[in-house]
Amino acid sequence: MTPATADRPQMPVEDFEQLAATAPETVTLEFVNGKLEVKPVPDGDHGAIVMWLLKRCMEQRPELALYPDQGLRVEAYRQGRARPDGTLAPEDHFVGQGEWADPDGVLMTVEVTSYDRDTDRRDRTEKRDGYAAAGIPVYLLVDREACTVTVYSEPQDGTYRRRATQPYGEVVEVPAPVSVTLHTAKLKDYAH
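Residue positions within a chain follow its written sequence, with the count starting from 1. In keeping with the predicted nature of the model, local features appear solely for residues at pLDDT of at least 70, side-chain atom pairs appear and are counted solely at 80 or more, and the whole-chain, interface and lining totals rest on all residues. Heavy atoms throughout the structure, all of them, feed into the side-chain values; hydrogens and water do not.

With that settled, the discussion passes to the pairing of strand S4 (residues 71-74). In this analysis, strands are considered paired if DSSP registers two or more bridges between them. What counts as a helix is a DSSP run of H or I of at least four residues, what counts as a strand is a run of E of at least two, and both are numbered from the N terminus. The pairing of S4 with strand S7 (residues 100-101) spans two bridges and is classified as parallel. The residue of S7 that forms the bridge with Leu-72 is Ala-101. Judged from the three bridges that link them, S4 and strand S5 (residues 80-82) form a sheet pairing that is antiparallel. Bridge pairing in S5 links Arg-73 to Arg-81.

On to the side chain of Thr-150. Tracing the sequence through the fold places Thr-150 in strand S10 (residues 148-156). Polar contacts, as counted here, are pairs of nitrogen or oxygen atoms within 3.5 Å of one another; within protein the pair requires one atom able to donate a hydrogen and one able to accept it, and residues that are adjacent in sequence qualify only if both atoms are side-chain atoms. Reaching out from Thr-150, the side chain makes a polar contact with the side chain of Thr-165 at a distance of 2.9 Å.

Here we take up the sheet that holds strand S8 (residues 108-112). The strand order across the open sheet built from six strands is S3-S6-S8-S9-S10-S11, with neighbouring strands paired in mixed fashion. Only two strands of the sheet have a single partner each, and these edge strands are strand S3 (64-67) and strand S11 (159-167). Direction aside, neighbouring strands of the sheet carry axes that sit 20 degrees apart on average. Across three bridges, the pairing between strand S6 (residues 86-90) and S8 is antiparallel. When the sheet's bridge partners are listed, Leu-88 is paired in S8 with Met-108. Here the axes come from fitting lines to C-alpha atoms, over the contacting stretch only for helices, and the angles between their N-to-C directions go from 0 to 180 degrees.

Turning our eyes to something else, we now look at the environment of Gly-80. Relative to the assigned elements, Gly-80 resides in strand S5. For every residue, the accessible area obtained with a 1.4 Å probe (protein chains only) is divided by the maximum for its type, and the residue is called buried under 20%, exposed over 50%, and partly exposed between those limits. Given a relative accessible area of 0%, Gly-80 falls into the buried group.

Taking every second residue as pointing to the same face, the buried face of strand S12 (residues 171-174) carries Val-172 and Val-174, while none of Val-171 and Glu-173 on the other face is buried. Summarising the sheet, S12 and strand S13 (residues 180-183) pair through four bridges and their orientation is antiparallel. From the neighbouring strand, Val-171 faces S13, where its bridge partner is His-183. Adjacent in sequence and paired antiparallel, S12 and S13 are bridged by five residues, among which Ser-179 carries a positive phi angle near 55 degrees.

Here, nonpolar core means buried Ala, Val, Leu, Ile, Met, Phe, Trp, Tyr and Cys residues that are tied together by side-chain atoms lying within 4.5 Å of each other. Core analysis: the largest hydrophobic core is formed by 25 residues, its most contacted members being Leu-53, Met-108, Leu-140, Val-174, Val-178, Leu-182 and Leu-187. Taken together, the elements giving at least two residues each to this core come down to helix H2 (44-60), S3, S8, strand S9 (138-143), S10, S12 and S13. Residue contributions to this core peak at five residues, all from H2. Whether two residues touch is decided by their heavy atoms; if any such pair falls within 4.5 Å, the residues are in contact. When near neighbours in sequence (up to four residues on either side) are disregarded, Leu-53 contacts Leu-66, Val-110, Leu-140 and Leu-182.

Proximity of charged atoms lets side chains of opposite charge pair with each other. By salt bridge we mean one thing: a side-chain nitrogen of Lys or Arg within 4 Å of a carboxyl oxygen of Asp or Glu. Counted according to the given criterion, the structure contains nine salt bridges. Its salt-bridge partner being Glu-154, residue Arg-161 comes within 3.0 Å of it at the nearest N-O pair. Of the residues examined, Glu-154 reaches a relative accessible area of 32% and is grouped as partly exposed. Residue Glu-154 is joined to Arg-162 by a salt bridge in which the shortest nitrogen-to-oxygen separation is 2.9 Å. The network of salt bridges with shared partners includes Glu-154, Arg-161 and Arg-162.

Structure, rendered in structure tokens:
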């Protein structure tokens, strides 16, 4: 059996959107790299990390908002569908765009890893590459297994040219167009 890829997806993106629209509230679906994905239900520490980041962004960039779970059309030709844990964009940016918004104007996507077997492939590789292909300037990965924060920036030709990783407790500079500084010592409180 040939594995699904962006070139040979499991289903047309329109079928995925219909399936996702009728999924129960307890299930979050994504369509990344041509494959149907079930996004794990976040635990309390996961939610606390997203809230911590939301507050840091709002303090430093009040004209922006960090939207949790906003659906985005990503990957080459916008054929993927992802729900980042956070999407940083100007306030009211997604008004009128519906469930699956165009990534144009998005400044940063955020993923917080989950403790499941697919997190390596999904958050560290496939979503990162999808966000780069969509031209999203910054991808921030909070890796709970490694206790690190990685900033990917400068997307070009479907990949991020720059990557900077810091352990929890260090200062993380998120480059323009985001331009925020994260003092990550608090993340140690969420490491178990």
